[in-house]
Number of protein chains: 2
Amino acid sequence: MEEASARKPRVVIIGGGFGGLEAAKKLACADLRLTVIDRTNYHLFQPLLYQVATAALSPADIAAPIRGVLSKCRNVEVMLTEVESVDVNAKKVKLSDGDVDYDYLIVATGARHSYFGHPEWERFAPGLKSLEDAVEIRRRILMAFEYAERTSDEAARKAAMTFVVVGGGPTGVEMAGAIAEIARYTLSKDFRHIDPSQARVILVESEPKVLASYPDDLRDSAMKQLADLGVEVRTGIHATNLTDQGLQVGDEFIPCRVKIWAAGNNASFVGKSLGVPIDRVGRVMVNNDLTIPGHPEVQVIGDLANFPFQTGQPLPGVSPVAMQQGRHAARNILMMIEGDQPQRFWYFDKGSMATIGRNKAVADLKLVHLSGIPAWLAWLFIHVLFLVGFRNRLAVLFQWAWAYFSFSKGARLITRNFQSEQRPPA
Amino acid sequence: MEEASARKPRVVIIGGGFGGLEAAKKLACADLRLTVIDRTNYHLFQPLLYQVATAALSPADIAAPIRGVLSKCRNVEVMLTEVESVDVNAKKVKLSDGDVDYDYLIVATGARHSYFGHPEWERFAPGLKSLEDAVEIRRRILMAFEYAERTSDEAARKAAMTFVVVGGGPTGVEMAGAIAEIARYTLSKDFRHIDPSQARVILVESEPKVLASYPDDLRDSAMKQLADLGVEVRTGIHATNLTDQGLQVGDEFIPCRVKIWAAGNNASFVGKSLGVPIDRVGRVMVNNDLTIPGHPEVQVIGDLANFPFQTGQPLPGVSPVAMQQGRHAARNILMMIEGDQPQRFWYFDKGSMATIGRNKAVADLKLVHLSGIPAWLAWLFIHVLFLVGFRNRLAVLFQWAWAYFSFSKGARLITRNFQSEQRPPA
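Please read these numbers as outputs of a predicted model, since none were measured by experiment.

Caption draft 1: Broad picture of the overall build of chain A. When helices and strands are tallied, chain A shows 11 helices and 25 strands. For 426 residues, the compact-globule estimate of 2.2 N^0.38 gives 22 Å, and the C-alpha radius of gyration of chain A, at 23 Å, lies within 12% of that figure. Looking at chain A residue by residue over its 426 residues, the buried ones come to 57%. Within chain A, counting contacts between residues at least 6 apart in sequence, those at least 24 apart form 63% of the total.

Printed below as a string of C-alpha cells:
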C-alpha cells in the first residue's frame, strides 16, 4: 500500500488562495499524491477583507480552514509552513523546515501590496491583504474616533477624523465607501464630543477617474456614488510622502491619523526563485499553457502569473482569473500524467463588480453595465454564492441582513496583541 | 442647558463588565450625568470566552461595543482609557490621560488570573480573561496539532499532543472538555501523520474533585462526564513548576506544549487605591450595602468586592452576583441622590451550571441537580438568553446549531500579530 502510493506522481501546490485551492479541489481524490503548502491554515475570501477592516464581518466569516476543505480525500496532505524558494532543476520546494520533492508543481503564492520603493510607508499606511492587516486597520479606524472623542487639541481631532485611502481600484473604492458609511450611520450616535458623520474620507487616485479597469460610464457612476456618500475623491494626484502625521499630495499636506494603502502590488518573492523571466512587479512570464519556459512540470497561476496572450495585457489580478487558471493547471497535470501535452489557457471574462456602499455599486457584466441598487444586488448575490463553505455563506448572509436593516455593524472590536493589555499590579 | 446639566450629580462607573454595565443600564437616561470608563471598547460575555479559545465562536460573537449598548441616552459618556487609581478624598478618578471628578462612584474592575507568586508562568500558561487571551490560546492549540503533524521527533510530537489545563473550576472543566471534543471530532479527519483523537487532555486540580463550589453529586457527575470524553482528571495534586517544556505535578514531569491556566484570580489593582481594607487576593472589603467604609459615595461590586455578609464566605466571582450588585449599586445611587440611605444588598442565588461538552454538563438549580443532556440544554437556554444584544444571540445560536449537527467548528483560524507574517523579499 505504502509502496504503491510512493510510485504515484506527486503534485505540490504552493498557496491556498483562489487559484491554489481550485487546483487542489480538482486534483483531490485523483490517482496521485497531492501536497498543499500555505503559510496560514485558512483559505481567505479576500474580496470581503475590506468588510473585516470596517467591522461588518468577523475574520472567521471569510476564512475556511484549508484542512477542513480538503479533508475528505486521504491522498491530500496540507502543510502549514513557509516556502523559501523552488529549485526547478532538482524538482524540490525548499521550506523553512525541510524540503518537499515534486513531479508536478503549481505555484500560486499571489502578491502583496507594494509601496513604490517606499517600504517605510507600510507602518503608517497598512495595506489590505491578510486577516492581520484587516484587524489592524479596523483597530486604527475605531481608535481614531476614540482618540478624537478624548482629545482637547482641535488640530489633532481634525486629523483623527480624516481618513485617507490611497489608490482608487476596487479595494480603495470599497474601503473609502465603507469608512464613510461607518461614520455616517453606524457610529453616528455613539460619541458625545464629536460628530462622527463630520469625518472626512479622502480617496486619492493618480488617474483622472477611479476604477481604471472599468468602462468609462461605470467609472463616472462610481465617482458620483462616492460623492453621494460624502467621500472626497482627489484624482490625478500622487502621494509623494507619507508620515505618521499625514500625507503629501502635490502641494498639499493632508494631516490625517489613519491612512490605508490600496495603490499597488508586488508579486510574491517565490516567483523570482523559478529562474525564468519576471516582469516589473515580479510576476512570472508564463507560457500560454501556464507552464514556465523549459519546465512544463511547473505552472504559475493567479496574481503571480503574467499571462499576456489573450488581450496583449496581463490578465487582471482578480479571483475569477486565479480560479479558472487553477482548474486549468489541474487539468494540464492530469493530461501530462496521461502522457498528453498541456493545453493553452483561455480566460472567460464574466465581468467584474465593485461595491461602494449600501445600495451603491458598479457592475460590468459585459453585455450590460449596472449601477446603484441593481449592481449592488448583483454584487451581493455573486459574493454570497462564491463564499467558500456552507456555514460561512449563511453566517455572512445573516450578518449582512442584520447590518442592512439595523444600520449597525457587529464586529466593532478594538483588539490588541496578546499580553499588551496587561499591566503590572500597582 | 450646559449649565443645568453641569449641576446634575455626576456618576462614574469604572469597568464595563457584567456589574458595571448593569449599573450603567439602570442609570442611563436618569436625571444625572453618567460616565462609563473601560480600557476596551466592548462588553465581553466572559462565560463563553472558552468557546473562542476553542474555535467554536468568533470574538465578535461574544462582545458588544459598550458605546453601542449605551448610545440611546445622551447623558451617558463612554471613555476608552486606562484607570490608574482613585483618590477618594478628592473624589477623582486618575486616568492615564487625565482625571475625572465624580459625586458617586462604582468600581467594577474585576479580576485577572494569578499565578500564586509565579508571574513568570504566564508566558507558558496563559489564562483566559480577555479576547486576546482567547485568540492566543486558540492559536496555541491549533498550532500544536500543526507542529505534531510536521515533526519527526516522536517525543516532541507526544508533547505537542498533550494539553494540560491547570485548575478544575468551571473554566478549567469547560476548557478541558472543549479541547477533548476538538481533538476527537472536529479535527479527526484533518491530518495525515497524526491522529488528533489520540491527543491527551489532562486536567490538574488540587482538591479531591473538580468544581469545588458545586454539590457533591454534581462534582462526581462532572468527573465521570470528563472521563467519558477522555479527559484525564488528576486531582489532589499541585502544579509545582511550569516551563516551556511542560509541567511538574508532584513527582511527575508532564512534557506538554500547550498549558492553560485556570487556577486562580487576583482582584484588579484599582481596589488597593481606595485605601480601605482588602483581602488576601486584593478584593475590597465592602459594607453590607456595597459602599466602602467612610465613603458611602463609593461602591465596589463584582469580582473586585468581598461581600461576606450572606454566607460567611465571599460571594462567588460569577456574573449573576456582579449583575445583581450592579443593579443594587445603581439603585443605591438613585436613593442617595434623593437624600435616602443606601440599602443592604442581598444576593438571590438561582444556581449555577458548567458545561463539559456536547450533551454534557452539570447544573445546580438549588431545588434540583441536573447532569448530562438536561443540564446541557438548561445551560444552552440560559446562555443564549443572557447574551448581550439581539444580533449576537442569534449569531451564536446559529453557530451552535451548525456545530452541533456538523461536529465542525467554524473559527479554526491561526492568526498572528500584525506584520509578523511579513517577510522581506528574497
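Back to the text.
Caption draft 2: How the structure looks around the packing of helix α2 (residues 18-27) of chain B against helix α9 (residues 319-337) of chain B. All names here are of chain B. At a minimum axis separation of 7 Å, α2 and α9 run at an interaxial angle of 35°. Here the hand of the crossing between α2 and α9 comes out right-handed. Where α2 approaches α9, its residues Phe-18, Gly-19, Glu-22, Ala-23, Lys-26 and Leu-27 are matched on the opposing element by Ser-319, Ala-322, Met-323, Gly-326, Arg-327, Ala-330, Arg-331, Ile-333 and Leu-334.

Caption draft 3: Just the sheet that holds strand β14 (residues 239-242) of chain B, in detail. All names here are of chain B. On the basis of which strands lie adjacent, the open sheet formed by 3 strands has the order β14-β15-β16 and antiparallel pairing. Looking at which strands have only one partner, the edges of the open sheet turn out to be β14 and β16 (252-255). Averaged over neighbouring strand pairs, the angle between their axes works out to 25° when direction is ignored. Judged from the 4 bridges that link them, strand β15 (residues 246-249) and β16 form a sheet pairing that is antiparallel. In the strand pairing of β16, Gln-248 is matched with Phe-253.

Caption draft 4: Highlighting the state of the cysteines. Residues and elements named next belong to chain A. This model, assessed by the stated rule, comprises 2 disulfides over all chains. In this model Cys-29 forms its disulfide with Cys-73; the gap between the sulfur atoms is 1.6 Å. Judged by the sign of its S-S torsion, about -90°, the bond between Cys-29 and Cys-73 is left-handed. With Cys-29 in the loop between α2 (18-27) and β2 (33-38) and Cys-73 in the loop between α4 (66-70) and β5 (76-80), this pair connects stretches of sequence that are 44 residues apart. Classification of Cys-29 by relative accessible area gives exposed; the value is 53%.

Caption draft 5: Looking closely at the interface of chain B and chain A. Taken residue by residue, the interface counts 70 residues in chain B and 70 residues in chain A. Surface buried jointly by chain B and chain A totals about 6,500 Å² across both partners, of which 50% is contributed by carbon and sulfur atoms. Seen at the junction of chain B and chain A, the total is 4 salt bridges. A salt bridge links Asp97(B) to Arg150(A); its shortest N-O distance comes to 2.6 Å. Linking chain B with chain A are 18 residue pairs in polar contact (both at pLDDT 80 or more), by the criterion used here.

Caption draft 6: Local environment of the pairing of strand β6 (residues 83-87) of chain A. All names here are of chain A. Pairing between β6 and strand β7 (residues 92-95): 4 bridges, direction antiparallel. Bridge pairing links Ser-85 to Lys-94 in β7. In this antiparallel pair of consecutive strands, β6 and β7, the connection spans 4 residues, and Lys-91 shows a positive phi of 50°.

Scoring rules and cut-offs
- Residues numbered from 1 in each chain as written.
- Chains lettered and ligands numbered in written order.
- Predicted model: local features only at pLDDT ≥ 70, side-chain atom pairs only at ≥ 80, totals over all residues.
- Heavy atoms only, no water.
- Helix = DSSP H or I, 4+ residues; strand = E, 2+ residues; numbered from the N terminus.
- Rg over C-alpha atoms; globule rule 2.2 N^0.38 Å.
- Buried < 20%, exposed > 50% of the residue type's maximum accessible area, 1.4 Å probe, protein only.
- Contact = heavy atoms within 4.5 Å.
- Axes fitted to C-alpha atoms, helices over the stretch in contact; angles between N-to-C directions.
- Left-handed = near helix turned anticlockwise from the far one by under 90°.
- Pairing = 2+ DSSP bridges.
- Disulfide = S-S within 2.5 Å.
- Buried area = accessible area lost by both parts, 1.4 Å probe.
- Salt bridge = Lys/Arg side-chain N within 4 Å of Asp/Glu carboxyl O.
- Polar contact = N/O pair within 3.5 Å; in protein donor to acceptor, adjacent residues only side chain to side chain.

By themselves these figures say nothing about function.
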